[in-house]
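Here is what each chain is made of, one letter per residue.
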2 protein chains.
Amino acid sequence: MTGEFAALGRLLERLAPPAAGEVGAGDDAAVLAGGVVVAVDPVVEGVHFLRSLTSLADAGWKALARNVSDVAAMGAEPWCCVASVVGADEGDLAHLYDGLLAAASHWACPVVGGDLAAGPALVLTVTALGRLPTGAAPLLRSTARPGDGLYVSAPLGWGAAGLRALRAGTASASPAEAWYARPEPSVEVAMEARSAGATAAIDISDGLSQDLDHLAVASGVGLRLDDVPVAAGATLEDALHGGDEYHLAFSCPDRRAGQAAVPGIRIGTCTTDPGERTFRGAALPVGGGWEHSL
Amino acid sequence: MTGEFAALGRLLERLAPPAAGEVGAGDDAAVLAGGVVVAVDPVVEGVHFLRSLTSLADAGWKALARNVSDVAAMGAEPWCCVASVVGADEGDLAHLYDGLLAAASHWACPVVGGDLAAGPALVLTVTALGRLPTGAAPLLRSTARPGDGLYVSAPLGWGAAGLRALRAGTASASPAEAWYARPEPSVEVAMEARSAGATAAIDISDGLSQDLDHLAVASGVGLRLDDVPVAAGATLEDALHGGDEYHLAFSCPDRRAGQAAVPGIRIGTCTTDPGERTFRGAALPVGGGWEHSL
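Residues numbered from 1 in each chain as written. Chains lettered and ligands numbered in written order. Predicted model: local features only at pLDDT ≥ 70, side-chain atom pairs only at ≥ 80, totals over all residues. Heavy atoms only, no water.

Let me state the cut-off plainly: UniProt positions are given in the numbering used here, feature names are shortened, and annotations may be inferred rather than shown by experiment.
Per an unreviewed UniProt entry, chain A carries the name Thiamine-monophosphate kinase and comes from uncultured Acidimicrobiales bacterium. As its UniProt record puts it under Catalytic activity (unreviewed entry), chain A is described as follows: "thiamine phosphate + ATP = thiamine diphosphate + ADP".

So this is what it looks like as structure tokens:
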């Protein structure tokens, strides 16, 4: 994890700065002229999923879900996607597409193109485009302000709890396992949060504590968490540090008269001390030892 | 090759039809509302390149060049790209980005985002976006008409000749090898062809005979080739059937008064017999045995 973030950071320094009004690499997705949003995420067999735990159809679903989650975290509506598949035989390909096309239909985010290639490992890379409503500003990671409330889109922990249940092979068809197989990014909450005046947002893919830390560092604010909602069957540890959530964390000032209600669940406050990371008054360990691998 | 095309064909049948005015999968790239064009192409170590013959920097260059070529073949200007890298250590990554960023700068097609993941094989997947000028129609594969002239953007054969020279290890710094290492898609010719009234276009990636066959099948026309320009150091076989060309083939009616000159080199004519595939009066073997692998 640390190595991946450090390597990404060094890469980001090499990229050309974005044009005025655009957002380059380093957020959940890039934002281009005209409010076009672009996200890309690879799904690698043996790294992001094992066939013994995840069907290829579910892997195809998740490949698009990861990108839809990134697009939504910018405040954009999913638009369409392209899919590049390496190392799949035709049977594998049909199964991957079963889930990919189900997800594309579910989010009205059609597969408009793609490519196939031979290869020594199965890699499905989906690139999704989104669109911001005309005139709407994207939800960045870097624009939370001290005093803003901190929110999540739903109770957390099913990503970690679902994977644990699958590995143990005990539970069957628990909600956590079902969520792990076919997660549902918080697209509606993201749109509502943008309308309600959210100041910053991030997709929870590496775990709440880790991703909120990214948001806090980018925004120069501290984090004071009061409570975190735990999904049924998950632990507080799952909710605080587990990855593969597909939910949204965002900051939003208190509701003012005439504004839309803030969606989601309030978990704390952005503070002025950029070093603060607390949960119920105690230090919050960022990451908590979660490893984003199988 | 045949297997790949057949598998792609069966996949295409499963995709939702494109919205009115848009172009879905099956052409060089997809065309979305607002003239946004999207292409994706993976580059896999051991399939598309070998480190013994191609530096990682050159592989990075080619990963974007393949996509720029696809975008240009739709008549669109390159806009920006995202890059997903699987299975590269940080040294590999830096070298890949040396070439990728050089290409991004060369075509003013900046890298605006991407992702990194572990994996058992090195896979670099670039997704490029392009833009059509306001009101311009894309150049499809399927709209060539009988009587149109057939053109290529440049003399052909360096893709195959460069690879052969590299494998033999004899020639050094020949133009064909230099082209193989850092090919230059025919972006300017593509824009000029669109302005000159080109009716259809395709990126020559699988070899002229194979890609013209795709265009002819999609358009329902025949192909009568009179002559094909051969790049210095290449053979006629390379020019007719070799892949990795990064050049453009297109159809265009004869120039009318007041129209821009047709760019490129005329090689033949689209005919009314959809079964015709001839070169200098003899049957043209489609594909010619070219294998799109190392």
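Past the structure itself, the notes keep going.
1. Structural notes on the interface of chain B and chain A
Applicable threshold: Should any heavy atoms of two residues lie within 4.5 Å, those residues are counted as being in contact. Buried area: the accessible surface (1.4 Å probe) lost by two parts on joining, summed over both. The rule for a salt bridge is simple: a side-chain nitrogen of Lys or Arg has to be within 4 Å of a carboxyl oxygen of Asp or Glu.
Residue-level contacts link 48 residues of chain B with 48 residues of chain A. Buried area between chain B and chain A, summed over both chains or domains, comes out near 4,000 Å², and the portion from carbon and sulfur atoms is 72%. Across the contact surface, chain B and chain A share four salt bridges. In this structure, R10(B) and E90(A) form a salt bridge, with 2.4 Å as the shortest nitrogen-oxygen distance.

2. Observations regarding the nonpolar core
As a reminder of what qualifies: In these notes, a set of buried Ala, Val, Leu, Ile, Met, Phe, Trp, Tyr and Cys residues joined through side-chain atoms within 4.5 Å is what counts as a nonpolar core. Exposure categories follow from relative accessible area, calculated using a 1.4 Å probe and restricted to protein chains: below 20% of the type maximum is buried, above 50% is exposed, and the middle band is partly exposed. Domain ranges listed in this record stem from an automatic or a database domain assignment.
Judged by nonpolar contacts, the single largest core of 58 residues is most densely connected at V37(B), L64(B), Y97(B), W107(B), V111(B), V126(B) and F250(B). Taken domain by domain, this core gets at least three of its residues from each of domain 1 (2–131) and domain 2 (149–283) of chain B. With sequence-adjacent residues up to four places away left out, V126(B) is seen in contact with A39(B), V40(B), D41(B), A63(B), L64(B), N67(B), C81(B), V82(B), A83(B) and L100(B). Grouped together as the second largest cluster of nonpolar side chains are 57 residues, V43(A), M74(A), L100(A) and L101(A) included.

3. Considerations on the relation of the copies chain B and chain A
To keep it simple, the criterion reads: A least-squares fit on C-alpha atoms brings the copies together, and the residues used are those whose pLDDT is at least 70 in both copies.
Between chain B and chain A, which share one sequence, the superposing operator has a rotation angle of 180° and an axial displacement of 0.0 Å; the RMSD is 0.0 Å. The symmetry that links the two subunits is that of a two-fold axis. Distance from the rotation axis, computed per C-alpha, reaches its smallest value in chain B at A121(B): 3.2 Å.

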